[in-house]
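# Close look at the chain arrangement
Each chain, written out:
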Amino acid sequence: YIYFSSLSNETGLYKLDYEKKEITKLNNDSILEMICEGDKLYYINSNDNKIYSYSIKDNQKTLLSNSKASNLIYNNNSIFYKNLSDSSKLYSLRINNSNNLKITDLPVESFVIYNNEILFSNSSDNNYLYSLNTTNSEVKKILNISSSNLKQFDEVIYFINNENPNSLYQLVQNTENNNFDTIEVYSDFINNYYTTEKGIFLETAVNLNEVKIINYK
């Protein structure tokens, strides 16, 4: 099956049986972000911006957190997210017991999980890049670059450089000194980007109806 959401007049969560070419509506939730892990779907319902799970086996929906959320990332049986009910601070939600844990007191614009660290744009410090060591909870600044829209694909980290202006960059770890360097990927102004197996789809600012595709280097 393929699970997807629709933003048309028939808003809801759907599943597609691609062999029978049949589409079934599962519920009326308007979904912003969705993750599939095992026999569960995890998503944010835009009707209340809260996190829910949906069991593929028994078709049961469960509220996991009363906090308003965004930026879901699944890692090691936990969902990491921005808690919009707590000034966009970073939280983790254990999926086996719905235990909510605040990860940092700093507000984040976006974040990724890389090795044993969480890399994030610190909204309280000009969106400069910070790291949080998940082992000892040490927080440190790693780059004096104002960044946004951090994303990860195949262990490669991308972000929009707000200083260059809004161009796409890649974050690279320097193994010699354990610091991070940057590589410019696309130099023109972009609004958003999407990493896929076919390449990076760019939503350019010059033409909102135009989508550019660049290959991975």
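About the thresholds
- Residues numbered from 1 in each chain as written.
- Predicted model: local features only at pLDDT ≥ 70, side-chain atom pairs only at ≥ 80, totals over all residues.
- Heavy atoms only, no water.
- 1 Å grid on protein atoms, 1.4 Å probe; cavity = no way out; pocket = protein on both sides within 12 Å on 5 of 7 lines; lining within 4 Å.
- Points joined across faces, edges and corners; volume = space filled by probe spheres on them.
- Nonpolar A, V, L, I, M, F, W, Y, C, P; charged D, E, K, R; others polar.
- Helix = DSSP H or I, 4+ residues; strand = E, 2+ residues; numbered from the N terminus.
- Pairing = 2+ DSSP bridges.
- Axes fitted to C-alpha atoms, helices over the stretch in contact; angles between N-to-C directions.
- Salt bridge = Lys/Arg side-chain N within 4 Å of Asp/Glu carboxyl O.
- Phe/Tyr/Trp six-rings, centres within 6.5 Å; stacked < 30°, edge-to-face > 60°.
- Lys NZ or Arg CZ within 6 Å of the ring centre and 35° of its normal.
- Buried < 20%, exposed > 50% of the residue type's maximum accessible area, 1.4 Å probe, protein only.
- Polar contact = N/O pair within 3.5 Å; in protein donor to acceptor, adjacent residues only side chain to side chain.
- Contact = heavy atoms within 4.5 Å.
- Core = buried A, V, L, I, M, F, W, Y, C linked by side-chain atoms within 4.5 Å.

## Some details on the layout of surface pockets
Here the largest pocket defines a volume of roughly 420 Å³. Lining of the largest pocket is provided by 18 residues; of these, I73, V112, L150, K151 and Q152 occupy positions nearest its centre. Among the residues forming the lining of the largest pocket, the class breakdown is 8 nonpolar, 5 polar and 5 charged. For the lining of the second largest pocket, the elements supplying multiple residues, two or more each, are β9 (78–83), β10 (89–94), β11 (100–114) and β12 (117–122).

## Here's the deal with the sheet that holds β9
Taking strand neighbours across the sheet as the criterion, the 7 strands line up as β8-β9-β10-β11-β12-β13-β14 in an open arrangement whose pairing is antiparallel. A strand with exactly one partner marks an edge of an open sheet, and here the two such strands are β8 (69–75) and β14 (139–143). The sheet shows a mean angle of 45° between the axes of neighbouring strands, direction not considered. Of the strand pairs in this sheet, β10 and β11 are connected by 4 bridges, and their pairing is antiparallel. Following the sheet pairing, S92 is matched in β11 by L101.

## Brief notes about the pattern of salt bridges
Summed over the entire model, instances satisfying the criterion amount to 7 salt bridges. Taking the shortest distance from any N to any O, the salt bridge between K141 and D125 comes out at 3.1 Å. A residue pair is termed long-range when its members are at least 10 positions apart, and K141 in strand β14 and D125 in the loop between β12 and β13 (128–133) qualify at 16 residues. Where salt bridges share partners, they join D86, K89, K102 and D105 into one cluster.

## Considerations on the packing of aromatic side chains
Two aromatic rings are characterised by how far apart their centres lie and by the angle between their planes. Tallying each qualifying case throughout the model produces 8 aromatic pairs. Seen in terms of ring centroids, F4 and Y14 are 5.6 Å apart; in terms of plane orientation they differ by 15°. Their pairing is stacked. One end of the pair, F4, is in strand β1 (residues 2–6); the other, Y14, is in strand β2 (residues 12–17), with 10 residues separating them in the sequence. Of note, K15 hangs over the ring of Y1, and the distance from its end group to the ring centre comes to 4.4 Å. When the ring centre of Y52 is taken as origin, the NZ or CZ atom of K61, which lies over that ring, is 4.9 Å away.

## Looking at unusual backbone geometry
The phi dihedral of K21 is positive, around 60°, even though this residue is not glycine. Relative to the helices and strands, K21 resides in the loop between β2 and β3 (22–27). Taking relative accessible area as the criterion, K21 reaches 72% and is therefore assigned exposed.

## Some remarks on the sheet that holds β3
Taken in spatial order, the 3 strands of this open sheet run β1-β2-β3, and their pairing is antiparallel. Where the open sheet ends on each side, the last strands, each with one partner, are β1 and β3. Direction aside, the axes of adjacent strands within the sheet are offset by 30° on average. Both β1 and β2 contribute to a ladder of 5 bridges, which runs antiparallel. Following the sheet pairing, F4 is matched in β2 by Y14.

## Observations concerning the side chain of N27
Looking at where N27 falls in the secondary structure, it is placed in strand β3. Only 3.1 Å separates the side chain of N27 from the backbone nitrogen of D29, close enough to count as a polar contact. When near neighbours in sequence (up to four residues on either side) are disregarded, N27 contacts T11, G12, L13, Y43, Y54 and K61.

## Description of the nonpolar core
Judged by nonpolar contacts, the single largest core of 13 residues is most densely connected at L119, L129, I142, I157, F159 and L171. Listed by contribution, the elements that provide at least two residues to this core are β11, β14, β16 (156–161) and β17 (167–174).

## Some remarks on the environment of Y91
Within the element layout of this structure, Y91 appears in strand β10. Y91 sits in the buried class, given a relative accessible area of 13%. Y91 sits 11 residues away from K102 along the chain, and the two C-alpha atoms are 4.4 Å apart. Residues contacting Y91, with those up to four places away along its chain left out, are I79, F80, Y81, N83, D86, N100, L101, K102 and I103.

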